[in-house]
Amino acid sequence: MCSRYEENNKIIYPGDTVNIYIEYNKNIVGIHSLWGFKNRGNVVFNARCENMNQYSLFKDLKHCIIKTDNYFEWDQAKHKIIFRSIDGQSLLMAGLVRKNNGKNEHTIITTFPNQSVQGIHHRMPLILNREQAIQWLFNNNSEEILNSIPEDYTAISEQTDMLTKFTGPVKILNKWS
């Protein structure tokens, strides 16, 4: 789940440094952060919302928001599928951030899929609306947010015409080349 996303026409991969948002002194500020926690020779770039509190790697970390234009998944036939907001707004993904050897590292929290995603993949990023994003950053209603499934406001596009199998609002985007 969510091993690539796009921001400002740049594809972001685990290991890339990007801008994320955190709460600092009761303000929302942007910081640079490496996508992925370095952990025993591996990079952990996603955390499952339903069990992340069971792992010491994710305990007592600062909340963050990762802003993106869209994210990608691949279906079982290996077709690349793009998920975007129907209204063209940025997607706001919940995450966790930590300092490791003086550098910021973050991970994206994943959840169970909404209707827009469930026919494609068994996980999706925990996408928040603006109100939830503010609550997440200020550590309010965190458990409620972690237990929520994102609204069906993502659109689906891919290089074939399989869009007919999906229900819900769909905005057809340009085909990939």
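Look a little higher up for the structure.
Read on for a plain summary of the structure.

Definitions and limits used
Residues numbered from 1 in each chain as written. Predicted model: local features only at pLDDT ≥ 70, side-chain atom pairs only at ≥ 80, totals over all residues. Heavy atoms only, no water. Helix = DSSP H or I, 4+ residues; strand = E, 2+ residues; numbered from the N terminus. Buried < 20%, exposed > 50% of the residue type's maximum accessible area, 1.4 Å probe, protein only. Pairing = 2+ DSSP bridges. Lys, Arg positive; Asp, Glu negative; His and termini not counted. Salt bridge = Lys/Arg side-chain N within 4 Å of Asp/Glu carboxyl O. Polar contact = N/O pair within 3.5 Å; in protein donor to acceptor, adjacent residues only side chain to side chain. 1 Å grid on protein atoms, 1.4 Å probe; cavity = no way out; pocket = protein on both sides within 12 Å on 5 of 7 lines; lining within 4 Å. Points joined across faces, edges and corners; volume = space filled by probe spheres on them. Nonpolar A, V, L, I, M, F, W, Y, C, P; charged D, E, K, R; others polar. Core = buried A, V, L, I, M, F, W, Y, C linked by side-chain atoms within 4.5 Å. Contact = heavy atoms within 4.5 Å.

Comments concerning unusual backbone geometry
Working step 1: The phi angle at Lys-26 is positive, at roughly 65°, despite the residue not being glycine.
Working step 2: Residue placement: Lys-26 occurs in the loop between strand 3 (17-24) and strand 4 (27-35).
Working step 3: Residue classification places Lys-26 among the exposed positions, given a relative accessible area of 71%.

Some points on the pairing of strand 12 (residues 103-111)
Working step 1: Of all nine residues that make up strand 12, eight are buried, and the element is covered over most of its length.
Working step 2: In terms of strand pairing, strand 4 meets strand 12 through two bridges, oriented parallel. Following the sheet pairing, Trp-35 is matched in strand 12 by His-106.
Working step 3: In this structure, strand 7 (residues 46-48) lies alongside strand 12, joined through three bridges in parallel fashion. Pairing of Asn-46 across the sheet is with Ile-108, part of strand 12.

A word on the side chain of Glu-73
Working step 1: Relative to the helices and strands, Glu-73 is located in strand 9 (residues 70-74).
Working step 2: Of the side chains bearing the opposite charge, Arg-4 lies closest to the buried Glu-73, which forms no salt bridge; the N-O distance is 8.1 Å.
Working step 3: Separated by 3.5 Å, the side chains of Glu-73 and His-121 make a polar contact.

A few points about the environment of Met-52
Working step 1: Relative to the helices and strands, Met-52 is located in the loop between strand 7 and strand 8 (62-68).
Working step 2: Given the relative accessible area of 3%, Met-52 is considered buried.
Working step 3: Residues Met-52 and Thr-110, spaced 58 residues apart in sequence, show a C-alpha to C-alpha distance of 9.8 Å.

Looking at helix 2 (residues 130-137)
Working step 1: Those residues of helix 2 lying buried are Gln-132, Ala-133, Gln-135, Trp-136 and Leu-137.
Working step 2: Asn-139, located one to two residues past helix 2, shows a positive phi value of around 60°.

Quick word on the pattern of salt bridges
Working step 1: Across all of its chains, the model carries four salt bridges by this definition.
Working step 2: Close ionic contact of Glu-50 with Arg-123 constitutes a salt bridge, the shortest N to O distance being 3.0 Å. Of the two residues, Glu-50 sits in the loop between strand 7 and strand 8 while Arg-123 sits in the loop between helix 1 (115-118) and strand 13 (124-125), which places them 73 residues apart along the sequence.
Working step 3: Given a relative accessible area of 35%, Glu-50 falls into the partly exposed group.
Working step 4: The shortest N-O distance in the salt bridge between Glu-105 and Arg-98 comes to 2.9 Å.

Some points on the layout of surface pockets
Working step 1: In this model, the largest pocket occupies a volume close to 210 Å³.
Working step 2: Looking at the largest pocket, the residues that line it are Tyr-5, Glu-7, Asn-8, Lys-10, Ile-12, Thr-17, Val-18, Asn-19, Tyr-21 and Lys-67.
Working step 3: If you list the elements that add at least two residues to the lining of the largest pocket, you get strand 1 (5-7), strand 2 (10-12) and strand 3.
Working step 4: Considering each element in turn, the lining of the largest pocket owes the most residues, four residues, to strand 3.
Working step 5: Partitioning the lining of the largest pocket into residue classes produces four nonpolar, three polar and three charged.

Considerations on the nonpolar core
Working step 1: Core analysis: the largest hydrophobic core is formed by 20 residues, its most contacted members being Tyr-5, Ile-20, Ile-66 and Tyr-71.
Working step 2: Residues within four places of Ile-66 in sequence aside, it is in contact with Tyr-5, Ile-20, Leu-91, Leu-92, Met-93, Ala-94, Gly-95, His-106, Thr-107 and Ile-108.

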